[in-house]
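Each chain is listed here by its residues.
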Amino acid sequence: MPHDFPPGSVWLVGAGPGDPDLLTRKAERLLADADMVFYDALVGPAILALVPRGTELVAVGKRSGRHSKDQGSINDLLAAAALGGKRVVRLKGGDPSIFGRSTEEIAHLTTRGIAVQICPGVTTASAAAASAGASLTLRGLARKLTFVTAHARAGEALDLDWVALATADATLAIYMGRAAAAEIACQLIAAGRAPDTPVMVAVNVSLPAERIVRGRLSALAFLVETISDSDPSLLLIGEAIAPVERGRVAVPARTVCEGGN
Ligand SMILES: C[S@@+](CC[C@H](N)C(=O)[O-])C[C@H]1O[C@@H](n2cnc3c(N)ncnc32)[C@H](O)[C@@H]1O
């Protein structure tokens, strides 16, 4: 019996961006020891295939516009499983501490006396940079790395500090940003970020259908045009992610800042 995973306890486990080779050894061990695994929609089949037969697998996936379970129901399911004496893994895409609503789950479980621990995972921004052969920071030019969610409540505008985000020496890793790409580009440029700042749209990172699209901030809206809603994508913005051989970059010429932006 693993000493760190007694019956009635919960591990929040990072599954990484999709490639099972990016799972940590600890995550793999916890999956092998669990009685029940509650997993998100972005945790793909290759990772789930590592879960031994006989372990109960429960999909609690939440994707934009297609919520299969609300957060309250997920909290209740986790608590019920742990209080029933199960060893529970809550498997989340990427790193559980980045836009994973982990705090809500931890609070719900700990107030019921349930022990919770976290196993970190490779976040999508790190994996996207690795796939593109880029660094997220660049000495002298990109001293800051900012993780941003561009997910807004239905019908609400993005409420972000554009001036702070437009700082020239920062790399922005924007999660859930595809739908708002045009607004992001216009707001950043209006707040002072250079229109020719390098951008990268990383789709299905680390999965067989991975696609990396590069361009400039002023053309971001066009770069995401062919990306489907169902394909997870991440926006990276900043000097650090420019291709090392800059002379070979094909930069889209069109720009898309209308309406006074
Ligand atoms: C709820 S957030 C979770 C982020 C996750 N905790 C992490 O550390 O990567 C989901 C968003 O992460 C990004 N994402 C997750 N997996 C991805 C992948 N394989 N490729 C591209 N983007 C991904 C997308 O922006 C997606 O909408």
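Residues numbered from 1 in each chain as written. Predicted model: local features only at pLDDT ≥ 70, side-chain atom pairs only at ≥ 80, totals over all residues.

- Under an unreviewed UniProt entry, the name given to the protein is uroporphyrinogen-III C-methyltransferase, and the source organism is Sphingomonas qilianensis.
- As stated in UniProt under Pathway (unreviewed entry), the record for the protein gives "Porphyrin-containing compound metabolism; siroheme biosynthesis; precorrin-2 from uroporphyrinogen III: step 1/1." (UniProt positions renumbered as here; feature names shortened; annotations may be inferred.)

**Side note on the overall build of the protein**
(1) Moving on: Helix and strand counts for the protein come out as eight helices and twelve strands.
(2) Moving on: In the protein, which comprises 261 residues, the share counted as buried stands at 38%.
(3) Moving on: Taking as baseline every contact in the protein between residues at least 6 positions apart, the subset at least 24 positions apart corresponds to 73%. (Helix = DSSP H or I, 4+ residues; strand = E, 2+ residues; numbered from the N terminus. Buried ≥ 20, exposed ≤ 12 C-beta atoms within 10 Å, placed from the backbone. Contact = placed C-beta atoms within 7 Å.)

**Things to note about the sheet that holds strand 7 (residues 116–119)**
(1) Moving on: With respect to topology, five strands assemble into an open sheet ordered 3-2-6-1-7, the strand pairing being parallel. Both outer strands of the open sheet, strand 3 (56–59) and strand 7, are each paired with one neighbouring strand and no more. Strand-to-strand, the axes of this sheet are offset by a mean angle of 20°, without reference to chain direction.
(2) Moving on: In this structure, strand 2 (residues 36–39) lies alongside strand 6 (residues 88–92), joined through four bridges in parallel fashion. By the bridge assignment for strand 6, F38 is matched with R90.
(3) Moving on: In this fold helix 4 (residues 102–110) packs onto strand 1 (10–14), strand 6 and strand 7, with an angle of close to 155° to the strand it touches most, strand 7. (Pairing = 2+ DSSP bridges. Axes fitted to C-alpha atoms, helices over the stretch in contact; angles between N-to-C directions.)

**Focus on the nonpolar core**
(1) Moving on: Of all hydrophobic cores here, the largest spans 64 residues; its most connected members are L234 and L236.
(2) Moving on: Per-element tally for this core: the top contributor is helix 7 (residues 181–190), with six residues.
(3) Moving on: Lining this core are residues from two domains, each supplying at least three of them: domain 1 (10–119) and domain 2 (124–248).
(4) Moving on: In contact with L234, not counting residues within four places along its chain, are T124, A125, A128, A173, I174, Y175, A202 and V205. (Core = buried A, V, L, I, M, F, W, Y, C linked by C-beta atoms within 7 Å. Domains from an automatic or database assignment.)

**Description of the site of the ligand**
(1) Moving on: Around the ligand there are 23 residues in total, and G94, T123, T124, V205 and P232 lie nearest to it.
(2) Moving on: Of all the secondary-structure elements, those providing two or more residues to the shell around the ligand are strand 10 (198–203) and strand 12 (233–237).
(3) Moving on: Composition of the shell around the ligand by domain shows at least three residues from each of domain 1 (10–119) and domain 2 (124–248). (Near = placed C-beta within 6 Å.)

**Considering helix 1 (residues 25–33)**
(1) Moving on: Here helix 1 has its buried residues at A27, L30 and L31. Buried positions in helix 1, seen along its axis, are confined to an arc of 100° and lie on one side of it.
(2) Moving on: Lining the buried residues of helix 1 we find strand 1, strand 2, strand 6 and strand 7. (Arc of directions from axis to C-beta.)

**Considering the domain arrangement of the protein**
(1) Moving on: With domains assigned, the protein is organised as domain 1 (10–119) and domain 2 (124–248).
(2) Moving on: One C-alpha centre belongs to domain 1, the other to domain 2; they are set 27 Å apart.
(3) Moving on: Of the residues contributing to the side of domain 1 that touches domain 2, the split by class is five nonpolar, five polar and one charged. (Nonpolar A, V, L, I, M, F, W, Y, C, P; charged D, E, K, R; others polar.)

**Re the confidence of the model for the protein**
(1) Moving on: On average, residues of the protein carry a pLDDT of 91, and 90% of them reach 70 or more.
(2) Moving on: Confidence drops under a pLDDT of 50 for residues 247–253, and excluding neighbours within four residues, the segment shows ten contacts in the predicted structure. (pLDDT = per-residue confidence, 0-100.)

**Focus on the environment of H151**
(1) Moving on: With respect to the element layout, H151 can be found in the loop between strand 8 (144–149) and helix 6 (162–165).
(2) Moving on: Separated by 26 residues in sequence, H151 and G177 place their C-alpha atoms 6.8 Å apart.

**Details of the packing of helix 3 (residues 71–83) against helix 4**
(1) Moving on: Two elements in contact, helix 3 and helix 4, have axes whose closest approach is 10 Å; the angle formed by their N-to-C orientations is 40°. Relative to helix 4, helix 3 is oriented oblique. Taken as a pair, helix 3 and helix 4 cross one another with a handedness that is right-handed. Counted together, Q71, N75, L78, A79 and A82 of helix 3 and E104, E105, H108 and L109 of helix 4 form the full contact between these two elements.
(2) Moving on: Here the contact of helix 3 with helix 4 is built from residues that sort into four nonpolar, three polar and two charged. (Parallel < 35°, antiparallel > 145°, perpendicular 65-115°, else oblique. Left-handed = near helix turned anticlockwise from the far one by under 90°.)

**Section: the sheet that holds strand 12**
Strands belonging to one sheet form pairs held by backbone hydrogen bonds; the direction of such a pair is parallel or antiparallel.
(1) Moving on: Spatially, five strands are ordered 8-9-12-10-11 in an open sheet, and the strand pairing comes out mixed. Strands with a single pairing partner mark the edges of an open sheet, and in this sheet they are strand 8 and strand 11 (211–216). The average angle at which neighbouring strand axes cross in this sheet is 15°, direction not considered.
(2) Moving on: For strand 10 and strand 12, the ladder comprises five bridges, and the chain directions are antiparallel. Of the residues in strand 12, the one forming a bridge with A202 is L234.

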